[in-house]
Amino acid sequence: MLIREATTADWPAIWPFFHTIVAAGETYTYPRDLDEEIGREMWLPAPPGRTVVAVDDAGTVLGSAKMNPNHMGGASHIASASFMVDPRCAGRGVGRALGEHVLAWARAEGYRAMQFNAVVETNTRAVALWQSLGFTIMTTLPEGFHHPTKGYVGLHIMYQQF
């Protein structure tokens, strides 16, 4: 798999799985009825934000990640990132490859750490992946996320210092 910069030409391949994941309402704090234009603006941020796609040998988009400073000003030395993998590609190492890529990018850009602001605790595959890549759960906001089938569940803040 190749990880490369995303372009607006990649959006038609990202949108179907982005929309499916967001509409399910199980892992992202985005509105479940997020429309395509706003989704594109959120997922393809202007610099210093950056978006990448993971593609297979045929050029098929398997997943995507966006990365950016977590805050501005005096807190802009902490990076953040978001990840989406096409559910049809789950279990193929796409999330891990994107995570490793994003961490390498953040270190190379001089960030001092990375923080994930909202990892839904019931998203156990993502939590386990981030922990295996060196993230720690700093705290959990009890009932910080309203899951469509599990009710109110915790929302983790995860962190890794470089």
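Our structure is the block above this text.
Residues numbered from 1 in each chain as written. Predicted model: local features only at pLDDT ≥ 70, side-chain atom pairs only at ≥ 80, totals over all residues. Heavy atoms only, no water.

### Side note on the layout of surface pockets
(1) Moving on: Volume-wise, the largest pocket comes out at about 1200 Å³.
(2) Moving on: Lining the largest pocket are 40 residues, and of these Thr-27, Tyr-28, Phe-83, Asn-123 and Ala-126 lie nearest its centre.
(3) Moving on: Those elements that place two or more of their residues in the lining of the largest pocket are helix 1 (11-24), strand 3 (61-69), strand 4 (78-85), helix 3 (94-108), strand 5 (113-120) and helix 4 (124-132).
(4) Moving on: Looking at which element gives the most residues to the lining of the largest pocket, the answer is strand 4, with 6 residues.
(5) Moving on: Split into classes, the residues belonging to the lining of the largest pocket amount to 19 nonpolar, 14 polar and 7 charged. (1 Å grid on protein atoms, 1.4 Å probe; cavity = no way out; pocket = protein on both sides within 12 Å on 5 of 7 lines; lining within 4 Å. Points joined across faces, edges and corners; volume = space filled by probe spheres on them. Helix = DSSP H or I, 4+ residues; strand = E, 2+ residues; numbered from the N terminus. Nonpolar A, V, L, I, M, F, W, Y, C, P; charged D, E, K, R; others polar.)

### Structural notes on the packing of aromatic side chains
One pair of aromatic rings is described through two measures. These are the centre distance and the angle between the planes.
(1) Moving on: This structure, assessed with the given rule, holds 13 aromatic pairs.
(2) Moving on: With centroids separated by 5.9 Å and ring planes inclined at 80°, the aromatic side chains of Phe-83 and Phe-116 adopt a geometry described as edge-to-face. Here Phe-83, found in strand 4, pairs with Phe-116, found in strand 5; they are 33 residues apart in sequence, far enough to count as distant. In this pair, the class of Phe-83 matches that of Phe-116, namely buried.
(3) Moving on: A network of ring pairs unites the aromatic residues Trp-11, Trp-15, Phe-18, Tyr-28, Tyr-30 and Trp-43 as a single cluster. (Phe/Tyr/Trp six-rings, centres within 6.5 Å; stacked < 30°, edge-to-face > 60°. Buried < 20%, exposed > 50% of the residue type's maximum accessible area, 1.4 Å probe, protein only.)

### Describing the nonpolar core
(1) Moving on: Ranked by internal contacts, the top residues of the largest apolar core, which has 26 residues, are Phe-83, Met-114, Phe-116 and Trp-130.
(2) Moving on: Breaking this core down by element, the ones donating at least two residues are strand 2 (50-55), strand 3, strand 4, helix 3, strand 5 and helix 4.
(3) Moving on: Ranked by residue count, the leading element in this core is helix 3, at 6 residues.
(4) Moving on: Phe-83 has contacts with Tyr-28, Trp-43, Ser-64, Ala-65, Leu-98, Gly-99, Val-102, Phe-116 and Trp-130, leaving out every residue within four places of it along the chain.
(5) Moving on: Formed by 17 residues, the second largest nonpolar core is a distinct cluster that contains Ile-14, Trp-15, Phe-18 and Leu-44. (Core = buried A, V, L, I, M, F, W, Y, C linked by side-chain atoms within 4.5 Å. Contact = heavy atoms within 4.5 Å.)

### Description of the pattern of salt bridges
(1) Moving on: A full pass over the atoms with the stated rule returns 3 salt bridges.
(2) Moving on: One salt bridge in this structure joins Arg-4 and Asp-10, with 2.8 Å as the shortest N-O distance.
(3) Moving on: Taking the shortest distance from any N to any O, the salt bridge between Asp-86 and Arg-88 comes out at 2.6 Å.
(4) Moving on: Among the residues examined, Asp-86 registers a relative accessible area of 5% and is labelled buried. (Salt bridge = Lys/Arg side-chain N within 4 Å of Asp/Glu carboxyl O.)

### As for unusual backbone geometry
(1) Moving on: In this structure, Pro-48 follows Pro-47 across a cis peptide bond, with omega equal to 15°.
(2) Moving on: Here Pro-48 lies in the loop between helix 2 (36-43) and strand 2.
(3) Moving on: Positive phi values are uncommon outside glycine, yet Glu-143 reaches one of about 55°.
(4) Moving on: Of note, Glu-143 is situated in strand 6 (residues 136-147).

### Comments concerning the packing of helix 1 against helix 2
(1) Moving on: Contact geometry of helix 1 with helix 2 gives a least axis separation of 11 Å together with a crossing angle of 105°. Taken together, the axes of helix 1 and helix 2 are roughly perpendicular relative to one another. Residue-level inspection shows Trp-11, Ile-14, Trp-15 and Phe-18 of helix 1 in contact with helix 2, the latter providing Glu-36, Gly-39, Arg-40 and Trp-43.
(2) Moving on: Its residues assigned to classes, the contact of helix 1 with helix 2 comprises 5 nonpolar, 1 polar and 2 charged. (Axes fitted to C-alpha atoms, helices over the stretch in contact; angles between N-to-C directions. Parallel < 35°, antiparallel > 145°, perpendicular 65-115°, else oblique.)

### Notes on the sheet that holds strand 4
(1) Moving on: Strands sit in the order 1-2-3-4-5-7-6 across an open sheet of 7 strands; the sheet is mixed. Each end of this open sheet is capped by a strand with a single partner; those strands are strand 1 (2-5) and strand 6. Averaged over all pairs of adjacent strands, the angle between strand axes in this sheet comes to 25°, irrespective of strand direction.
(2) Moving on: One ladder, built from 4 bridges, connects strand 1 with strand 2; its direction is antiparallel. For Ile-3, the partnering residue across the bridge sits in strand 2 and is Ala-54.
(3) Moving on: Along the sheet, helix 2 makes contact with strand 2, strand 3 and strand 4, crossing strand 3 at roughly 60°. (Pairing = 2+ DSSP bridges.)

Read these as geometric descriptors, not functional statements.
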